[in-house]
Amino acid sequence: MSVKVNTDYLAGFIRDDEISNLRPYLRAAQKTLLEGKGAGNDYLGWVTLPDDYDREEFKRIKAAAQRIKKSCDIFLVLGIGGSYLGARAAIEFVKSPLYNALDKDTPDIYFAGNNLSPTALTELLSICKGKDLCVNVISKSGTTTETAVAFRIFKDLLVKKYGEDGARTRIFATTDKCRGTLKAYSDKSGFETFVVPDNVGGRFSVLTAVGLLPIAVAGIDIDELMQGAKDAKEALASPSLKKNDALKYAAIRNILYRRGKNVEVLVGYEPYMLMLNEWWKQLFGESEGKDGKGILPDSVIFSTDLHSLGQYVQDGQRMLFETVVSVKDPGAAYEIPYDPENIDGLNFLAGKQFDEVNKTAMIATLLAHTDGGVPNTLIEVKDRSPRSLGYLFYFFEFSCAISGYLLGVNPFNQPGVESYKKNMFRLLGKPGYEKLDIKLKKRS
């Protein structure tokens with residue numbers, strides 16, 4: 001398996017029999033999920049996706065990616081939430097968080113339409129000057145404010161630069177299969193379109209065209225990515241706790257939650273984990289945070305954040321637990337040099353590999369935090385390959401669904417997401433919305 005759960009650092013926090021006692025509830029949740037009989041069963045397309053994805057569309061994705069690579073310097077991905085987090089996480093995990101600065105034969109990739117910042121927009125427009133561009137707008141409806149506004153701007157930029165006909169070949173829309181504003185406009189304009197499946201929610205959509213097109217443009221093997229997800233699907237169909245680490249992880253989270261540990265911190269030890277952490281936060285936050293329930297997902301990158309949040313984790317309130325993702329083979333090697341003057345006193349490290357020191361820092365931190373009363377689960381990932389990442393994506397999605405059912409919530413809806421939108425539309429005077437007037441009071 002590409003992903004394994006290590007419970008060595010849970011000793012003293014959770015007994016083995018506590019996990020095994022949850023076996024009937026875990027099996028019931030797994031059966032509910034796999035048989036599609038639970039809450040949110042209209043959004044379970046991701047469960048079988050590694051086997052039954054649209055092969056014809058998959059070919060079109062790879063063909064479009066090849067055309068994009070040949071025709072542009074910059075590929076702009078416009079989307080928010082699940083419409084960009086998975087793709088960005090994959091590119092940074094497999095390639096690098098410095099992807100755009102690397103010497104490569106693929107376009108730079110920038111993500112926009114995920115905020116309303118005029119600063120970020122003007123900076124990106126400046127970067128795009130004099131460059132050949134392609135745009136992938138990702139929105140099921142086409143009316144999501146952040147994405148739709150960005151699309152207005154970059155569509156106009158492409159039309160001015162290439163003309164209507166030229167822009168048409170440089171815009172790719174990932175949207176609803178047959179309805180919605182963006183689908184209708186794309187068909188009218190002649191853009192190539194890809195599908196956001198009706199039965200896959202945004203935060204579970206990384207293995208659909210939503211994530212696959214940008215990932216393919218970055219030169220990542222999406223066949224291997226899907227194979228990794230298929231590996232996970234087959235492994236996680238087992239009802240055995242000994243063989244199914246996703247069930248084990250879901251059990252651990254729920255046992256700790258019932259003991260008042262209502263914050264989970266996902267820990268990575270590499271900068272390339274940062275956006276994967278962000279994807280994970282949306283996945284679990286939107287899936288579990290409802291009905292007054294849920295574990296608050298947070299994240300850190302160690303050892304960097306040991307020098308900022310480490311003190312709190314070590315000695316602060318005991319309401320949190322950590323899940324550490326460790327990549328066994330980081331894909332790079334560098335030896336620490338010898339310094340004849342030994343100014344820093346670190347010659348005892350000379351000749352050691354950076355990764356050895358990094359892994360030692362991880363073990364030292366695991367021991368320190370568990371000694372300080374913080375339960376730690378270690379998730380071991382084989383390497384940074386697309387196949388391992390595909391497995392990890394599916395592992396977290398499956399664990400999240402099981403965990404949500406154990407918690408007693410619908411893991412596949414997000415009723416709270418619309419609240420801010422309604423208020424924003426009312427404040428901005430959108431037609432059809434009652435005007436909302438507020439007076440800001442000065443603090444005395």
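Residues numbered from 1 in each chain as written. Predicted model: local features only at pLDDT ≥ 70, side-chain atom pairs only at ≥ 80, totals over all residues. Heavy atoms only, no water.

Teacher, can you tell me more about empty space enclosed by the protein here?
Over the atoms rolls a probe the size of a water molecule, and its path tells where empty space is left. Under the definition given, this model contains one cavity of 30 Å³ or more. Here the largest cavity is characterised by a volume of approximately 90 Å³. Around the largest cavity, the lining residues are Y269, E270, Y272, M273, V325, S326, V327, P330, D355, N358, K359 and M362. Secondary-structure elements contributing two or more residues to the lining of the largest cavity are β9 (320–329) and α14 (354–371). A total of four residues in the lining of the largest cavity trace back to one element, the largest contributor, which is α14. Of the residues assigned to the lining of the largest cavity, the class counts are seven nonpolar, two polar and three charged. (1 Å grid on protein atoms, 1.4 Å probe; cavity = no way out; pocket = protein on both sides within 12 Å on 5 of 7 lines; lining within 4 Å. Points joined across faces, edges and corners; volume = space filled by probe spheres on them. Helix = DSSP H or I, 4+ residues; strand = E, 2+ residues; numbered from the N terminus. Nonpolar A, V, L, I, M, F, W, Y, C, P; charged D, E, K, R; others polar.)

Just checking my understanding: could you explain the packing of helix α4 (residues 55–71) against helix α10 (residues 222–235) for this structure?
Working note: a packed helix pair is described by the angle between its axes plus the distance between those axes. One way to put it is that α4 packs onto α10 with a least axis distance of 11 Å and a crossing angle of 140°. Taken together, α4 and α10 sit at an angle that is classed as oblique. Contacts between α4 and α10 involve F58, I61 and K62 from the first element and I222, D223 and M226 from the second. Here the contact of α4 with α10 is composed, by residue class, of four nonpolar, no polar and two charged. (Axes fitted to C-alpha atoms, helices over the stretch in contact; angles between N-to-C directions. Parallel < 35°, antiparallel > 145°, perpendicular 65-115°, else oblique. Contact = heavy atoms within 4.5 Å.)

When you look at the sheet that holds strand β5 (residues 171–175) in this model, what are you seeing that I'm missing?
In a beta sheet, neighbouring strands are held together by backbone hydrogen bonds and run either parallel or antiparallel to one another. Reading across from one edge, β3-β2-β4-β5-β6 is the order of the five strands in this open sheet, with parallel pairing throughout. Among the strands making up the open sheet, the edge pair consists of β3 (108–112) and β6 (192–195). Neighbour-to-neighbour, the strand axes of this sheet turn through a mean angle of 20°, independent of strand direction. By the bridge criterion, five bridges tie strand β2 (residues 74–78) to β3 in an arrangement that is parallel. Residue pairing in the sheet places V77 in a bridge with F111 of β3. Strands in contact with α4 are β2, β4 (133–138), β5 and β6; relative to β6, the strand with the most contacts, it is inclined by about 135°. (Pairing = 2+ DSSP bridges.)

What is the right way to look at the environment of S238 in this model?
Within the fold, S238 resides in the loop between α10 and α11 (245–258). Residues S238 and L158 lie 80 residues apart in sequence; the distance between their C-alpha atoms is 50 Å. Among all residues touching S238, those that are not within four sequence positions of it are Q30, K243, N244 and L247.

Explain the pairing of β5 here, please?
Most of β5 sits out of view: five of its five residues are buried. Of the two faces of β5, the one holding I171, A173 and T175 and the one holding F172 and T174 are both buried throughout. Inspection of the sheet shows β4 paired to β5 by four bridges, in the parallel sense. In the sheet register, V137 faces β5, and the bridge partner there is A173. Regarding the hand of the β-α-β motif, the stretch spanning β4, helix α7 (residues 145–168) and β5 is right-handed. Here β5 pairs with β6 via four bridges, running parallel. Paired with A173 across the strands is T193, a residue of β6. Each parallel crossover has a hand, and for β5 linked through helix α8 (residues 181–189) to β6 it is right-handed. (Buried < 20%, exposed > 50% of the residue type's maximum accessible area, 1.4 Å probe, protein only. Right-handed = clockwise from strand over helix to strand, strands pointing away.)

Explain unusual backbone geometry here, please?
A negative phi angle is the norm for most residues apart from glycine, just as the trans form is the norm for most peptide bonds. In this structure, the amide linkage connecting F302 to the following residue, S303, adopts the cis form with an omega of 5°. Note that S303 resides in the loop between β8 (296–301) and α13 (310–315). At D291, a residue that is not glycine, the phi angle is positive and equals roughly 60°. As for its placement among the helices and strands, D291 is situated in the loop between α12 (274–288) and β8.

Explain α4 here, please?
The terminal C-alpha atoms of α4 lie 25 Å apart, and with 17 residues this matches the ideal 24 Å at 1.5 Å per residue to within 8%. As for α4, its buried residues are in contact with β2, β4, β5, β6, α9 (209–217) and α10. A side-chain oxygen of the first residue of α4 lies 3.0 Å from the backbone nitrogen of E56; this N-cap is D54. (Expected span 1.5 Å × (residues − 1). Polar contact = N/O pair within 3.5 Å; in protein donor to acceptor, adjacent residues only side chain to side chain.)

Explanation requested: the nonpolar core in the structure shown.
Soluble, globular proteins show a tendency: their nonpolar side chains are buried together. By size, the foremost hydrophobic cluster in this structure holds 98 residues, and its most contacted members are L33, W46, L213, W279, I379, F395 and F396. Broken down by element, this core gets its largest block of residues, 13 residues, from helix α15 (residues 386–407). Setting aside its immediate chain neighbours within four residues, I379 contacts V3, K4, V5, Y249, T323, V324, V325, S326, L392, F395 and F396. (Core = buried A, V, L, I, M, F, W, Y, C linked by side-chain atoms within 4.5 Å.)

What exactly am I supposed to notice about the state of the cysteines here?
Each disulfide is one covalent bond, formed between the sulfur atoms of two cysteines. Under the definition given, this model contains zero disulfides. Its sulfur unpaired, C134 is 3.7 Å from the next cysteine sulfur, which belongs to C72. (Disulfide = S-S within 2.5 Å.)

Would you take a moment to explain the pattern of salt bridges for this structure?
Pairing between side chains of opposite charge can happen when their charged atoms approach one another. Inspection of the entire model under this criterion finds 25 salt bridges. Of the charged contacts in the structure, one is a salt bridge between D17 and R15, with a shortest N-O distance of 2.9 Å. Ionic pairing is found between D176 and K140, a salt bridge with its closest N-O pair at 2.9 Å. Remark: K140 occurs in the loop between β4 and α7 and D176 occurs in the loop between β5 and α8; sequence separation between them is 36 residues. A relative accessible area of 33% means that K140 is categorised as partly exposed. Within the structure, one salt-bridge network assembled from shared partners comprises R15, D17, E18 and R259. (Salt bridge = Lys/Arg side-chain N within 4 Å of Asp/Glu carboxyl O.)

Explain the side chain of R253 to me, please; I cannot follow it from the model alone.
Relative to the elements of secondary structure, R253 occurs in helix α11. In this structure R253 touches E264, F284, E288, I295, F321 and S403, once residues within four positions along its chain are discounted.

How do you make sense of the sheet that holds β8 when you look at a structure like this?
Taken in spatial order, the five strands line up as β1-β10-β9-β7-β8 in an open sheet, and their pairing is mixed. Each end of this open sheet is capped by a strand with a single partner; those strands are β1 (3–6) and β8. For this sheet, the mean angle separating the axes of adjacent strands, direction not counted, is 25°. By the bridge criterion, four bridges tie β1 to strand β10 (residues 376–383) in an arrangement that is antiparallel. Within β10, the position partnered with V5 by the bridge is I379. Taken strand by strand, α15 contacts β1, β7 (263–268), β9 and β10, and its axis lies near 150° from that of β10.

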